[in-house]
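Results of the structural survey
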Amino acid sequence: LIDVENISRDVDVLRNEKFDWLLIDCPPLDLDVIENSILKSDAVVIPVRTGFFDIDAVTPVVEICKRRRKRYGFLLAAVDSKMPKLTEAAMSALVKDGPIFAAHLRYLQPYILSVQRGKSAAEIDKSCQPEIDQLWAEVKRLTSLSSNVLTMKSRAAS
């Protein structure tokens, strides 16, 4: 993890150092940071929960991606298996605005604990590994294995 102070400069430095991947996790409400990150990105992953307010909140990020001609995809996060109709409604609403990853991150305690423990969900519970592997494969397809700079709108406040 590297704290980025100047997105443009720091991304260029890391590109010159030949990093294979750079993932930028943006604060959810700072559109200046999000737009600067999108400008330097090859692709954008937009995590979104299935709630109505969360789906509406992605609109400015989608507009930036479209205006800047950046590839993007929606990642459904905190998907509750007990509410399939909510997930279906979210997918119906999002599909009009862009592609949705087939991989969904379930609403499970390991994902919540991962932030607190500084580990991945799969390190806490191995049952999370298949969906993480599926997501990673989709992220690689989205970037087409170009220079692999990704921007992710944080879901902390989503």
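This text follows the structure it describes.
Residues numbered from 1 in each chain as written. Predicted model: local features only at pLDDT ≥ 70, side-chain atom pairs only at ≥ 80, totals over all residues. Heavy atoms only, no water.

**What about the overall build of the protein?**
The secondary structure content of the protein amounts to eight helices and four strands. Reading the helices (α) and strands (β) of the protein from amino to carboxyl end gives α-β-α-β-α-α-β-α-α-α-α-β. Split into buried and exposed, the 158 residues of the protein put 40% on the buried side. Taking contacts inside the protein between residues at least 6 apart in sequence as the whole, the part at least 24 apart equals 73%. For the protein, the computed accessible surface area is about 9,500 Å², with 54% contributed by carbon and sulfur atoms. (Helix = DSSP H or I, 4+ residues; strand = E, 2+ residues; numbered from the N terminus. Buried < 20%, exposed > 50% of the residue type's maximum accessible area, 1.4 Å probe, protein only. Contact = heavy atoms within 4.5 Å. Areas by Shrake-Rupley, 256 points an atom, 1.4 Å probe, with all protein chains shown as cover.)

**Focus: the side chain of Ser 114**
Position of Ser 114 among the secondary structure elements: in helix 6 (residues 109-117). Take Ser 114: its relative accessible area is 13%, and that puts it in the buried class. Here the side chain of Ser 114 touches Tyr 111 through a polar contact of 2.7 Å, landing on its backbone oxygen. If sequence neighbours within four positions are ignored, Ser 114 has contacts with Lys 119, Ser 120, Ala 121 and Ile 124. (Polar contact = N/O pair within 3.5 Å; in protein donor to acceptor, adjacent residues only side chain to side chain.)

**Comments concerning unusual backbone geometry**
The phi torsion of most residues other than glycine is negative, and most of the peptide bonds are trans. Positive phi outside glycine occurs at Lys 18, with the angle close to 65 degrees. Positioned with a positive phi, Arg 69 is a non-glycine residue whose angle comes to about 55 degrees. By the secondary structure assignment, Arg 69 is in the loop between helix 4 (59-67) and strand 3 (71-76). Accessibility expressed as a relative area gives 78% for Arg 69, which makes it exposed.

**Some thoughts on the pairing of strand 3**
Across the six residues that make up strand 3, a large majority, five, are buried. Pairing analysis gives six bridges linking strand 2 (residues 43-48) to strand 3, with the strands arranged parallel. Across the sheet, residue Ile 46 finds its bridge partner in strand 3, namely Phe 74. (Pairing = 2+ DSSP bridges.)

**Focus: the packing of aromatic side chains**
With the rule as written, the count across this model stands at three aromatic pairs. Measuring from ring centre to ring centre gives 4.7 Å for Trp 21 and Trp 136, while their planes differ by 55 degrees; the resulting arrangement is tilted. Of this pair, Trp 21 sits in the loop between helix 1 (7-16) and strand 1 (22-26) while Trp 136 sits in helix 8 (residues 129-143); the two residues are 115 residues apart in sequence, bridging distant segments of the chain. Classification of Trp 21 as partly exposed rests on a relative accessible area of 22%. A centroid spacing of 5.7 Å and a plane angle of 75 degrees characterise the contact between Phe 52 and Phe 53, whose relative ring orientation is edge-to-face. Here the two residues Phe 52 and Phe 53 agree in accessibility, since each one is exposed. (Phe/Tyr/Trp six-rings, centres within 6.5 Å; stacked < 30°, edge-to-face > 60°.)

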